[in-house]
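Coordinate inspection notes
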Amino acid sequence: MFGLIQILVPLLAGLIGAVWVGSRFRRMKRSGLVGAACGGLAGGLGSLIFMAPLDFCTFEPERNWIDAVFGVGLVLVGMAIPLGPLLAWTQQEYHRHLGIRPTPPQHKGIFKQWWLAWLFLLPTLTILVLFLYYPGLDTFRLSTLLTFVGAPRSRFVCVDNFTSLLTDSTYLRSIGITFAISAAIIVFGLTGSLLIATLAYQPIRGATIYRILLIWPYAISPAVAGIIFFIMFNPLGGVANYVLSLVGIPRLNWLGDPNLAPWVVIFASVWKQMGYNILFYIAGLQNLPNDLQEAAAIDGAGAFRRFLSITVPLLSPITFFLVITNMTYAFFDIFGTIDLLTAGGPSGSTSVLIYEIYKIGVSSGNLGKAAAQSIVLFLMVVGLTLIQFRTTERNVTYGG
């Protein structure tokens with residue numbers, strides 16, 4: 001039965017690809033047989049991209065239904081890799097067949113010698129292969145193994161490192177903590193940065209000095225930001241508790257209370273990233289057309305109304321860009337801040353996904369499980385970015 005599955009899966013994938021692409025070819029008034037051959041080859045080979053290295057282990061008889069569903073997902077993702085560009089090309093050709101003109105192509109530079117372009121790309125490609133593609137493939141290999149740091153042997157466990165995450169309560173809790181902290185960093189960070197940038201943009205004496213002072217936190221590392229906020233929010237001698245004592249509020253255990261510690265991490269992360277956001281918002285404010293503001297003022301619109309109806313929409317391309325970069329920062333770059341402030345505590349209240357990977361991979365030495373978590377985190381961020389491009393970008397206003 002298992003051997004039959006190894007044959008049926010690529011055949012079924014090839015059949016789906018053949019029918020899909022073949023119908024597209026017939027719609028373009030081209031040979032359906034050629035399209036079916038191309039689609040069948042792409043679908044069949046695509047289904048083997050992940051299944052061949054795994055030797056179809058997800059469909060073994062002793063595996064449960066979660067492994068089988070995971071395997072089907074890998075087959076579909078593998079099929080999408082070659083079929084996606086092929087279907088996109090057929091859609092473009094179909095529009096050309098109907099006389100629908102695509103977006104006018106931009107003028108592109110052309111190298112007279114074909115090898116010259118590859119020569120210029122060689123350093124970048126070398127760096128990508130050595131430090132991105134090869135580590136990525138090795139991480140996928142590690143995620144299929146039961147292996148520990150220093151252990152002389154490892155064992156192939158198929159996709160157990162992935163499926164076990166579905167029943168890991170600590171990991172599921174860290175997903176919720178990650179999304180909550182990331183959302184707070186993005187919302188508070190962008191809102192505060194826009195307001196401060198608007199104030200700093202006002203024509204006042206010494207504005208350049210103020211802007212430089214607002215931007216400099218971005219120049220320090222997340223670890224240094226963590227040390228600064230550790231000193232400020234130290235329960236015994238921190239500035240925060242001293243200020244509270246001046247107004248009669250008792251001392252708070254900022255870093256030891258599970259309800260307060262995440263807020264300290266959020267404040268530190270927002271402060272660290274605020275200089276970067278302000279830099280972009282000030283640049284955007286300098287390029288806004290004044291005629292719209294003047295016309296709205298003549299029509300009787302107040303400063304707050306002009307800010308909401310003109311300034312915020314015109315800055316939406318910058319805001320959209322900052323949402324993407326701040327999300328990446330919140331998911332990956334707050335590790336140093338958390339490590340120095342709370343070390344994931346208290347009671348795991350600040351243990352975000354990137355810190356969970358560190359604890360599993362470095363502290364516990366479970367390289368296979370840490371590799372699986374890193375792949376899931378990477379795919380999660382890629383998925384969120386694509387969703388934002390699909391949903392948020394349509395609300396972005398380009399140009400005045």
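Details of the structure are given in the entry above.
Our subject in this report is the structure included herewith. (Residues numbered from 1 in each chain as written. Predicted model: local features only at pLDDT ≥ 70, side-chain atom pairs only at ≥ 80, totals over all residues. Heavy atoms only, no water.)

Observations regarding unusual backbone geometry
Inclusion rule: Think of it this way: any DSSP run of H or I at least four residues long counts as a helix, any run of E at least two long counts as a strand, and we number them from the N terminus. For every residue, the accessible area (1.4 Å probe, protein chains only) is compared with the maximum for its type, and the residue is labelled buried under 20%, exposed over 50%, or partly exposed between those bounds.
A cis amide bond links Gly 345 to the next residue, Pro 346, at an omega of -10°. Its place among the elements puts Pro 346 in the loop between helix 14 (335-341) and helix 15 (353-363). Non-glycine residue Lys 29 carries a positive phi angle of around 65°. Mapped onto the secondary structure, Lys 29 falls in the loop between helix 1 (2-27) and helix 2 (32-54). With a relative accessible area of 68%, Lys 29 lands in the exposed category.

With respect to the state of the cysteines
Quick reminder of the rule: A pair of sulfur atoms, both from cysteines and within 2.5 Å, is called a disulfide here.
Throughout the structure, instances matching the rule amount to one disulfide. With a sulfur-sulfur separation of 1.9 Å, Cys 57 is cross-linked through a disulfide to Cys 158. Measuring the twist about the S-S bond at about 80°, one finds the Cys 57-Cys 158 disulfide to be right-handed. In this pair, Cys 57 sits in the loop between helix 2 and helix 3 (65-98) while Cys 158 sits in the loop between strand 2 (155-156) and helix 5 (160-163), placing the two residues 101 residues apart along the sequence. No difference in accessibility class separates Cys 57 from Cys 158, as the two residues are buried.

Some points on the side chain of Lys 369
Selection rule: The contact rule is simple, with two residues in contact once any of their heavy atoms fall within 4.5 Å.
If you trace the backbone, Lys 369 turns up in helix 16 (residues 367-391). The class for Lys 369 is buried, based on a relative accessible area of 18%. Apart from the residues within four sequence positions on either side, Lys 369 is in contact with Asn 161, Ser 164, Leu 165, Asp 168 and Ile 360.

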